[in-house]
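Here are the chains, one letter per residue:
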Amino acid sequence: MSGIDTLRLTAEEAKRLLDAKEISGAELFAAYAGRDDDLNAYLLRCDDPGGEGIPIAIKDVIGTKGIRTTAGSKILESYVPVYDATVIANAKRHGLRILGKTNTDEFAMGSSTENSAFGPSRNPWDPSRVPGGSGGGSAAAVSGGLAPWALGSDTGGSIKQPAALCGHVGLRPTYGTVSRYGVVAFASSLDQVGPVAKNVRDCAWLYSIISGRDENDSTTVDVPPVELPTAEDLKGVRIGVPKEMNHVAGVEPGVTEQVDRAIALAESLGAEIGECSLPLSVDYGMPCYYLVAPAEASSNLARYDGVRYGLRVDGADFREMAMRTRDAGFGDEPKRRIMIGTYALSSGYYDAYYATAQKVRTVIKREHDAVFEKFDLIVSPTSPSVAFEFGAKTADPVAMYLSDVFTIPSCLAGLPGLNVPVGLSEGLPVGLQLIGPQFSENALFRVGHALERAIGFDVVPERLR
Amino acid sequence: MTRITRDEVLHVARLARLELSDDEVAKFQEQLSDILEAVSKVSELDLSDVPPTAHPLAIENAWAADVPRPCLPLDDVFANAPDRDDDHFRTPPA
């Protein structure tokens, strides 16, 4: 072997080694592909397509031409896309080579990968615990040395929360900066594809590769040039600490301790720290999200009717075929969300639920806008807890939904969010969430990078060092 | 309290084209009631002067050039179809 340390190697360093011809593209790919996947990070692993580009893992909700794409669902178990998602086309144009398709909660609905039809992924720090979700497969791959970086997708926290639980960097980009064309749709006004990486510079680099206006996705916009962060100080940066998201009941003390340490460190690097308030966003974010997202999901998932692609279970007539197909193909969580969404959109309930939730969304957006008049960005724990054990929340959907209580409000407002690992609690990673105004990715990268350098968090899980 | 009835579960399942087993109906009646109770919190706010947000960006319209482009070849379109009949998708009778 070439001595490539897949647990530690960043994409930037891999590029340097490739450019200097210290390693070959084939050696680099083989270093990841040859590593045993005892985390169930991948649903499918690919052969080396050749070339000298950097390998990458792809969440299995992102369509890949000629490579099976299941979205973690039985209903798409044999689906092979006939075209690439725009983000895949962009990645290939930069020479990136697909290592495999990573596990996800079914249709990206979940916070632990326990909703995957193909079994959960495991947390590289402690395999008896969840890696977070829905992008737990990409998270486990990046932290477990099975990929240098990965693509995820985030609707209410599916990039940030797994990054927090597995101890690496993940960006949910500003809505509209990354194309959704060719991505399995969950909730279209919320879904965003984003980078998962071992450090902030890799994260920024991958974001620059995948982002940009796409004529195949009319919700995309022109994106400001991405700056790879270099600064190690935070002079002139105003950081707000929302009191409803810090030092509140329900957050584990060890999480609060590490987040507070990171905030104090930011201050010592020159940032101005001040308290701020998002009184309605936190309380009403979760209820708002669990109306908007299921409503959109119930519409998006209507396409799985056994006609054009995916599973079909026969029936005497069309309706029976469609109903049997959907009963057999969807797992519990998609069914639950389709049911909630259909209920919230149905005659007599539309105004009370869906229309009201959309107004609450405006309230949440305005509340964030007001905070960003005084602060460049805000910080909080990404997840109220460290990685939890399998089965801890599966019996109670509402408890599982609360895993995303801090990641959801900014998603509803279309804001970018970055997770940066800041320390350990009980031997498990704690993530800091940085939220900025729309199109503030460069500011998030700057602050994330400076904190990352100052903290010196080791992204390699302790048991694998 | 927003507990929903068994009939409502069956009605919504039919709207959603889901054939649920008896066990699923019982489970969902319980779980959907819990979830609806949690999300009903949105009705606490006074929202009379608040416009809805359907989309987080301030984009009005996105125009594409009105120029024909090639679409997928038919064999690609049908590549994942459960049942193809020449250039049609075949289904059971409606």
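Residues numbered from 1 in each chain as written. Chains lettered and ligands numbered in written order. Predicted model: local features only at pLDDT ≥ 70, side-chain atom pairs only at ≥ 80, totals over all residues.

Visitor: What am I meant to see in the overall build of chain A here?
Guide: In terms of regular secondary structure, chain A is built from 14 helices and eleven strands. Taken against the 2.2 N^0.38 rule, which gives 23 Å for 465 residues, the C-alpha radius of gyration of chain A at 21 Å falls within 12% of a compact globule. Buried positions account for 62% of the 465 residues belonging to chain A. In chain A, of all internal contacts separated by at least 6 residues, the share reaching a separation of at least 24 is 76%. (Helix = DSSP H or I, 4+ residues; strand = E, 2+ residues; numbered from the N terminus. Rg over C-alpha atoms; globule rule 2.2 N^0.38 Å. Buried ≥ 20, exposed ≤ 12 C-beta atoms within 10 Å, placed from the backbone. Contact = placed C-beta atoms within 7 Å.)

Visitor: Looking at this structure, how should I read the domain arrangement of chain A?
Guide: Interface size is commonly expressed as the accessible surface area that is lost when the partners come together. Residue and element names in this part refer to chain A. Partitioning chain A into domains gives domain 1 (11–279 + 362–464) and domain 2 (280–361). Each of domain 1 and domain 2 has a C-alpha centre, and the two are 26 Å apart. At the level of secondary structure, the elements contributing two or more residues to the side of domain 1 that touches domain 2 comprise α11 (351–371), α12 (397–401) and α13 (408–412). Class assignment of the residues belonging to the side of domain 1 that touches domain 2 gives a composition of 22 nonpolar, nine polar and seven charged. (Domains from an automatic or database assignment. Nonpolar A, V, L, I, M, F, W, Y, C, P; charged D, E, K, R; others polar.)

Visitor: Please clarify how the interface of chain A and chain B should be interpreted in this entry.
Guide: Contact with chain A, which involves 54 residues of that partner, is made by 42 residues of chain B. Elements with a contribution of two residues or more to the side of chain A that touches chain B: α8 (279–300), α9 (318–329), α10 (332–345), α11 and α12 of chain A. Here the side of chain A that touches chain B gets eleven residues from one element, more than from any other, and that element is α11(A). Tallied by class, the residues present in the side of chain A that touches chain B amount to 29 nonpolar, 13 polar and twelve charged.

Visitor: Teacher, can you tell me more about the environment of A:K393 here?
Guide: Residues and elements named next belong to chain A. Inspection of the secondary structure puts K393 in the loop between β9 (377–381) and α12. Residue K393 is classed as buried on the basis of its C-beta count, with 21 C-beta atoms lying within 10 Å. Taking the C-alpha atoms as reference points, K393 and E114, 279 residues apart in sequence, are found 9.7 Å from one another. Contacts of K393, omitting those with residues within four sequence positions, involve F388, A399 and M400.

Visitor: Is there a simple way to think about the environment of A:S211 in this case?
Guide: Looking at the secondary structure, you find A:S211 in the loop between α6 (200–210) and β7 (238–242). Spatially, the C-alpha atoms of A:S211 and A:M400 are 31 Å apart, while their sequence positions differ by 189 residues.

Visitor: Mind showing me how you'd approach helix α14 (residues 441–455) of chain A here?
Guide: Helical geometry note: an α-helix holds 3.6 residues per turn, so side chains three or four residues apart project in the same direction. Residues and elements named next belong to chain A. For α14, built from 15 residues, the straight-helix expectation of 21 Å at 1.5 Å per residue is met to within 8% by its first-to-last C-alpha distance of 21 Å. Restricting attention to buried positions, one finds in α14 the residues E441, L444, F445, R446, V447, G448, H449, A450, L451 and E452. Looking one or two places after α14, you find G456, whose phi comes out positive at around 65°. (Expected span 1.5 Å × (residues − 1).)

Visitor: I keep staring at the packing of α8(A) against α10(A) and nothing clicks. Help me out?
Guide: When two helices pack together, their arrangement is given by the angle between the helix axes and by the axis-to-axis distance. Residues and elements named next belong to chain A. Put simply, α8 and α10 touch, their axes get as near as 7 Å, and they point 100° apart. Our classification of the angle between α8 and α10 gives roughly perpendicular. Two secondary-structure elements touch here, α8 through L291, P294, A295, A297 and S298 and α10 through R337, I338, I340, G341, T342, A344 and L345. Looking at the contact of α8 with α10 residue by residue, the classes come out as eight nonpolar, three polar and one charged. (Axes fitted to C-alpha atoms, helices over the stretch in contact; angles between N-to-C directions. Parallel < 35°, antiparallel > 145°, perpendicular 65-115°, else oblique.)

Visitor: Looking at this model, I keep getting lost on α8(A). Mind explaining?
Guide: For α8(A), which comprises 22 residues, the first-to-last C-alpha distance of 32 Å matches the rise-based estimate of 32 Å (1.5 Å per residue) to within 8%. Of all 22 residues making up α8(A), 17 are buried, and the element is well covered by its neighbours.

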